[in-house]
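This is what each chain is made of:
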Amino acid sequence: MSEVILSVQNLNIKFNLRGRVLHAIRGIDLDIYKGESIAIVGESGSGKSVFTKSFMGLLDGNGFISSGSILYDGRDLSKITRAKDWQKIRGGEIAMIMQDPMTSLNPLKTIGDQIAEAIQIHQPEFKGEALKQKIIGYLTDVGITEPERRAKQYPHEFSGGMRQRVVIAIALACNPKILICDEPTTALDVTIQAQIIDLLKDLKKKYALTIVFITHDLGVVANIADRVAVMYAGQIIELGMANEIFYDPRHPYTWALLSSLPQLGEKGVSLYTIHGTPPNLFKAVVGDAFAPRNPRALKIDFIKEPPCFEVSPTHWAKTWLLDPRAPQVEPPEVIKYIRELGVKNDAAN
Amino acid sequence: MAKYLTKRIGRSLITLVLIICVVFILMRMMPIEGYFQNFEKLSDEQIQSGLREMGMLDPLPVQLVHFFQNMFKGDFGVSHKYRVNVAVTEILRDKIPVSIKLGSLSILVSLVLGIPLGTMMARFKGKWFDKFGTLFIVFIEAVPAVVYHLLIQMYGTKWLNIPMLFDGADWRCWILPVFSMSLGNIAYYGMWLRRYMVDEANKDYVRLARAKGVSENKVMFRHIFRNAFVPMVQYLPSSFLNTVIGSIYVESLYSVPGMGGLLVNCVKGSDNTMVQAIVLLYATVGVIGLLLGDVLMTVLDPRISLGGKEGGR
């Protein structure tokens, strides 16, 4: 975990919507290290998907990068405009797994053909029998039994979990260095979710992948992620190692997010919910975007945007609470409880 | 598949028999003038003896059995009004090939022009090509066909220096009728193909294909087009049928000796035997068209299994 594979610097993404401009990503800095798995969490509309789609030039037609850069392998992806250049990045360097396996396969092509299509683009050296073997190899790797027979079948002959495995096989067949998993388990039931997560962990090792995981399921995050980035209103507001985020969260939004975990709820007590709605990104956000929903907000939160305060070399948060001049604010009870758990864990190790 | 086909063909045959029976019975309710060339001048005895001769005084079921017996021999009776005492089959034999040739050529032209039109409009959605195409489609759909058919005839014959009178042996004479008949279908195919392709383009598998690094043209043709074409294919045989039958105006405009208008003329003239035969012909083509449409769809879409446990569609 030393070499930076992809470096995002002060990235801003805007969308033109009916004559108005929506500022979807508001200045993100993030280094992704080779071989790590980083999870990006946040509620719907926080910009998780848009952020990662920009790595592959897959923003919708009305979206554009207004400033900033995405450095990968010595080039700035944000400057690519030609479709031809993107085709080399897409799949071959960065591949993506999408949310709904039921709709992400072409219904009229056999899955063997769909995997072959990826191999032919990114690994054209495999032809004929070698290509066939390669397809069977990928299907075996993602845990599909009888790969030879299954390769000739159409997507509708597969169950949801099996289709997600096929989608993963297609992504692998592109031979990527970075794999973006955009909520890959959201559409699956719980037992299948666990299998897919385990599969991704195995494949990450085997293919030396860097995985970017987008999810709002913190259970999944705890299971797979080395690092966690918490997003809110188009910004990363807290970033740290997974255990730092889970046991020592610092941003009030992360507190709120963790407090709403049903697993931490007490019997007889209503589950915690975050009041209000995310800010309207058509308007300029003043101060801390989360302040209006934050019962512990300081006055300055409404006036000035907080900078990033370092908690540890690997952990920072964007909140005025970490400023030395800030008053001591008590985190919610649940957070104190999990902090204690963390201390105990450390002691045990 | 074979099992489904036999079942399906069997059902089609039953449909045809029912259509024949209904048409036959309806024809018996028509005024008897239609069986005689000079009805007004005939005496009652002459009419009665004429009807007896034709077997019209037999009970209805007997007549129906006779009709079926003759039909299998290829005998549909003789025309009484359109061309007196000429066998119906002989009249149709000359006309059917002309109409089918005209219809086939026009469908071919419609596909060759309509499919690229729809595809390009979807590919460049919102760009000038799309706008131009939409203008064309709206014009064709909104303006009564008579208007542009006439314009094409007036200016087309002049510019291309084509004789006004149709001559089947001269290939130049086919150009304008075929083109006129195609315009509607070109607009129709273009409109629907564009619509289905735009629908497909927003689906997840297209996004995945793009994320794989597939080039935009290949995404368009390998993924979007094939999926968009499935719903279109079902209607191709029926639209072929409509083109063959529905060319009344174009055929009469260019005086093409085809079947266009034949049915209407025969119904108007109460030429009952002719009506019977023509309706039977159209019904057969229609039933075959629907059958072909379904079979074509199965060939293109693996999700549709005909027969089998699910019982097909």
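A quick note: this is a predicted structure, and the numbers were derived from the prediction, not measured.

Caption draft 1: Up close: the overall build of chain B. Scanning chain B from N- to C-terminus turns up 13 helices and zero strands. Traced from its N-terminal end to its C-terminal end, chain B shows the element sequence α-α-α-α-α-α-α-α-α-α-α-α-α. Taken across its 313 residues, chain B has 28% of its residues classed as buried. Contacts in chain B between residues far apart in sequence, at least 24 positions, make up 74% of those at least 6 positions apart.

Caption draft 2: How the structure looks around the overall build of chain A. Each helix and strand counted, chain A has 11 helices and 12 strands in total. Its C-alpha atoms give chain A a radius of gyration of 21 Å, near enough to 20 Å, the size a compact globule of 349 residues would have. Every one of the 349 residues in chain A was classed for burial, and the buried ones make up 43%. When contacts within chain A are restricted to residue pairs at least 6 apart in sequence, long-range pairs at least 24 apart make up 65% of them.

Caption draft 3: Focus on the interface of chain A and chain B. On the chain B side, the residues contacting the 26 residues of chain A number 18 residues. Those elements giving two or more residues to the side of chain A that touches chain B turn out to be α2 (83–89), β6 (94–97), α3 (111–122) and α6 (160–173) of chain A. At four residues, the largest contribution of residues to the side of chain A that touches chain B is made by α3(A). Among the residues making up the side of chain A that touches chain B, the classes are represented as 15 nonpolar, eight polar and three charged.

Caption draft 4: Main features of the sheet that holds strand β12 (residues 315–317) of chain A. Residues and elements named next belong to chain A. Reading across from one edge, β6-β7-β8-β3-β9-β10-β12-β11 is the order of the eight strands in this open sheet, with mixed pairing throughout. One side of each edge strand has no neighbouring strand; the edge strands of this open sheet are β6 and β11 (309–312). When strand polarity is set aside, the average angle formed by the axes of neighbouring strands in this sheet is 20°. Direction of pairing for strand β9 (residues 227–232) relative to strand β10 (residues 235–241): antiparallel, over a ladder of six bridges.

Caption draft 5: Layout of the packing of helix α6 (residues 145–160) of chain B against helix α7 (residues 172–201) of chain B. Residue and element names in this part refer to chain B. It is at 10 Å that the axes of α6 and α7 come closest, and there the two elements cross at 150°. Comparing their axes, α7 and α6 come out roughly antiparallel. The handedness of the crossing between α6 and α7 is right-handed. Residues A145, Y148, H149, I152, Q153, G156, T157 and L160 of α6 touch α7, and the partners they reach there are I175, L176, F179, S180, L183 and G184. Here the residues of the contact of α6 with α7 are counted per class, giving eight nonpolar, six polar and no charged.

Caption draft 6: Molecular detail of the packing of helix α9 (residues 216–233) of chain B against helix α13 (residues 272–300) of chain B. Residue and element names in this part refer to chain B. Running from N to C, α9 and α13 point in directions that differ by 165°, and their axes come no closer than 9 Å. The angle between the axes of α9 and α13 places the two elements in the roughly antiparallel class. When you trace α9 past α13, the crossing you get is left-handed. Contacts between α9 and α13 pair F229, V230 and V233 from the former with G293, L296, M297 and L300 from the latter. Taken together, the residues of the contact of α9 with α13 sort by class into six nonpolar, one polar and no charged.

Caption draft 7: Focus on the sheet that holds strand β4 (residues 63–72) of chain A. All names here are of chain A. Read across the open sheet, the four strands follow the order β2-β1-β4-β5; overall the sheet is antiparallel. Looking at strand neighbours, the two that pair on one side only are β2 (20–33) and β5 (75–76), the edges of this open sheet. Sheet topology places β4 next to β5; two bridges connect them, and they run antiparallel. Within the sheet, the bridge partner assigned to Y72 lies in β5 and is R75.

Reading the values: rules and limits
- Residues numbered from 1 in each chain as written.
- Chains lettered and ligands numbered in written order.
- Predicted model: local features only at pLDDT ≥ 70, side-chain atom pairs only at ≥ 80, totals over all residues.
- Helix = DSSP H or I, 4+ residues; strand = E, 2+ residues; numbered from the N terminus.
- Buried ≥ 20, exposed ≤ 12 C-beta atoms within 10 Å, placed from the backbone.
- Contact = placed C-beta atoms within 7 Å.
- Rg over C-alpha atoms; globule rule 2.2 N^0.38 Å.
- Nonpolar A, V, L, I, M, F, W, Y, C, P; charged D, E, K, R; others polar.
- Pairing = 2+ DSSP bridges.
- Axes fitted to C-alpha atoms, helices over the stretch in contact; angles between N-to-C directions.
- Parallel < 35°, antiparallel > 145°, perpendicular 65-115°, else oblique.
- Left-handed = near helix turned anticlockwise from the far one by under 90°.

Nothing here speaks to function; it is all geometry.
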